[in-house]
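Here is how the chains run, residue by residue.
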Amino acid sequence: MIAQKQCLEVKKVLSFLDEIGIQVIEKELETSFLPGLDLGPNCIYIDFEKLLYPGDILHEAGHLAVTTSLNRSLAGTGKIEEEWPTAGEEMGAILWSFAVAKHLNLPLEFVFHPDGYKNEADWLISNFSSECYIGLPFLEWIGLTLSKERALKEQKEAFPVMQKWIRD
């Protein structure tokens, strides 16, 4: 069950996802990779009764945000590529989650909880807090954000500010 403080954070996340066009569908889930979460075509399925870590919503949304529009439409189906998500997309989804957390003023521990990320949540928080953005070249390559160097040249804001939230 989601704690009251996390309810406010979840509301922020759900509102944000709605704003950027990622559909969230409440649905009873029998089994899924993450408790209470699954991906479907262009959407995230959430079973709030089984959801253990609400911050995982952002990670799953990140998978949809950083993949191609074709793969977004195939997510959660048998038609998706076996190698999906790619290693680049996985790192991109992690870093995208960080950018959203910063954008929404969420505590990083909400997204990077101790029971996730193969026990590397503290390492990710430490790196991202030190502006060591593993995955940034991928996010820049797909047109979602800019490195400091490129942002200076283009007179725009650099990561963790995003130029757009969803890959074309």
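## Points about the overall build of the protein
Turning to step 1, where the next piece is worked out: Counting its regular elements, the protein contains 8 helices and 3 strands.
Turning to step 2, where the next piece is worked out: For the protein, the α and β elements follow one another from N to C terminus as α-β-β-β-α-α-α-α-α-α-α.
Turning to step 3, where the next piece is worked out: Relative to the globule expectation of 15 Å for 168 residues, the C-alpha radius of gyration of the protein, 15 Å, shows essentially globular dimensions.
Turning to step 4, where the next piece is worked out: Counting only contacts in the protein whose residues sit at least 6 apart along the sequence, the fraction spanning at least 24 positions is 52%.
Turning to step 5, where the next piece is worked out: Surface exposure of the protein reaches about 9200 Å², of which carbon and sulfur atoms provide 52%.
Turning to step 6, where the next piece is worked out: Once the 15 positive and 26 negative side-chain charges of the protein are each reduced to a mean point, those two points are 6 Å apart.

## Brief notes about the packing of aromatic side chains
Turning to step 1, where the next piece is worked out: Here the structure, examined in full by the defined rule, presents 11 aromatic pairs.
Turning to step 2, where the next piece is worked out: Judged by centre distance (5.8 Å) and plane angle (45°), the rings of F98 and Y133 are tilted. Of this pair, F98 sits in helix α4 (residues 87-103) while Y133 sits in the loop between α6 (121-129) and α7 (136-141), and the two are 35 residues apart along the sequence. Pair check on accessibility: F98 and Y133 agree, each one buried.
Turning to step 3, where the next piece is worked out: Among the aromatic residues, those joined into a ring-pair cluster are F98, F112, Y117, F128, Y133 and F159.

## With respect to α4
Turning to step 1, where the next piece is worked out: Between its first and last C-alpha, α4 extends 24 Å over 17 residues, near the 24 Å set by a 1.5 Å rise per residue.
Turning to step 2, where the next piece is worked out: Looking at the residues trailing α4, positive phi occurs at N105, about 55°.

## Details of the environment of E154
Turning to step 1, where the next piece is worked out: You can see E154 is positioned in helix α8 (residues 148-154).
Turning to step 2, where the next piece is worked out: Taking the C-alpha atoms as reference, E154 lies 35 Å from L39; in sequence the two are 115 residues apart.

## Section: α6
Turning to step 1, where the next piece is worked out: Among all positions of α6, only A121, L124, I125, N127 and F128 are buried. End-on view of α6: buried residues confined to an arc of 165°, all on one side of the axis.
Turning to step 2, where the next piece is worked out: Buried residues belonging to α6 abut α4 and α5 (108-111).
Turning to step 3, where the next piece is worked out: Remark: E131 follows α6 within two positions and exhibits a positive phi of approximately 65°.

## Focus: unusual backbone geometry
One can expect most non-glycine residues to show negative phi and most peptide bonds to be in trans.
Turning to step 1, where the next piece is worked out: P85 follows W84 through a cis peptide bond whose omega is -5°.
Turning to step 2, where the next piece is worked out: At the junction of F159 and P160, the peptide bond is cis and its omega measures out at 20° in the coordinates.
Turning to step 3, where the next piece is worked out: Residue position: P160 is located in the segment after α8.
Turning to step 4, where the next piece is worked out: Although it is not a glycine, Y117 adopts a positive phi angle of roughly 60°.
Turning to step 5, where the next piece is worked out: Relative to the helices and strands, Y117 is located in the loop between α5 and α6.

## Structural notes on the side chain of E60
Turning to step 1, where the next piece is worked out: Its location among the elements puts E60 in helix α2 (residues 56-66).
Turning to step 2, where the next piece is worked out: Buried and without a salt bridge, E60 has K118 as its closest oppositely charged side chain, separated by 12 Å.
Turning to step 3, where the next piece is worked out: The contacts of E60, once residues within four sequence positions are left out, are L34, L37, L39 and I44.

## Comments concerning the pattern of salt bridges
Side-chain pairing between opposite charges can occur once the charged atoms of the two side chains come close.
Turning to step 1, where the next piece is worked out: Here the structure, examined in full by the defined rule, presents 7 salt bridges.
Turning to step 2, where the next piece is worked out: With a shortest N-O distance of 2.7 Å, E131 and K148 are connected by a salt bridge. Residue E131 is located in the loop between α6 and α7, and its partner K148 is located in helix α8; the two are separated by 17 residues in the primary sequence.
Turning to step 3, where the next piece is worked out: A residue is classified by how much of its surface remains accessible, and E131, at 45% relative accessible area, is partly exposed.
Turning to step 4, where the next piece is worked out: Between D168 and K164 there is a salt bridge, and its shortest N-O distance comes to 2.6 Å.
Turning to step 5, where the next piece is worked out: For D168, a relative accessible area of 66% puts it in the exposed group.

Criteria and thresholds
- Once a new chain begins, its residue numbering starts again from 1 and follows that chain's sequence as written.
- Residue-level local features of this predicted model are given only where pLDDT is at least 70; pairs of side-chain atoms are given and counted only at 80 or more, and the full residue set underlies all totals for whole chains, interfaces and linings.
- With hydrogens and water stripped out, all remaining heavy atoms of the structure feed into the side-chain values.
- Only runs of H or I of at least four residues qualify as helices and only runs of E of at least two qualify as strands under DSSP, and these elements are numbered from the N terminus.
- Each radius of gyration reported is based on C-alpha atoms, and the globular scaling rule is 2.2 Å times the count of residues to the power 0.38.
- Contacts between residues were defined by any pair of non-hydrogen atoms, one from each residue, lying within 4.5 Å.
- The method behind every accessible area is Shrake-Rupley, applied with a 1.4 Å probe, and residues are considered shielded solely by the protein chains displayed.
- Under the counting rule used here, the positive set is Lys and Arg, the negative set is Asp and Glu, and His together with the chain ends is not counted.
- To locate a charge, take NZ of a lysine, CZ of an arginine, CG of an aspartate or CD of a glutamate.
- Ring geometry is summarised as follows: Phe, Tyr and Trp rings, the Trp one being its six-membered ring, pair when their centres sit within 6.5 Å, and such pairs are stacked at plane angles under 30 degrees, edge-to-face over 60 and tilted between the two.
- Note on exposure labels: buried denotes an accessible area under 20% of the residue type's maximum, exposed denotes more than 50%, and partly exposed covers the range between, all computed with a 1.4 Å probe on protein chains only.
- Helix span, expected: 1.5 Å multiplied by one less than the number of residues in the helix.
- This arc describes the spread of directions from the helix axis toward the C-beta atoms.
- In the sections that follow, a salt bridge refers to a side-chain nitrogen of Lys or Arg positioned within 4 Å of a carboxyl oxygen of Asp or Glu.

Purely geometric numbers; function is a separate question.
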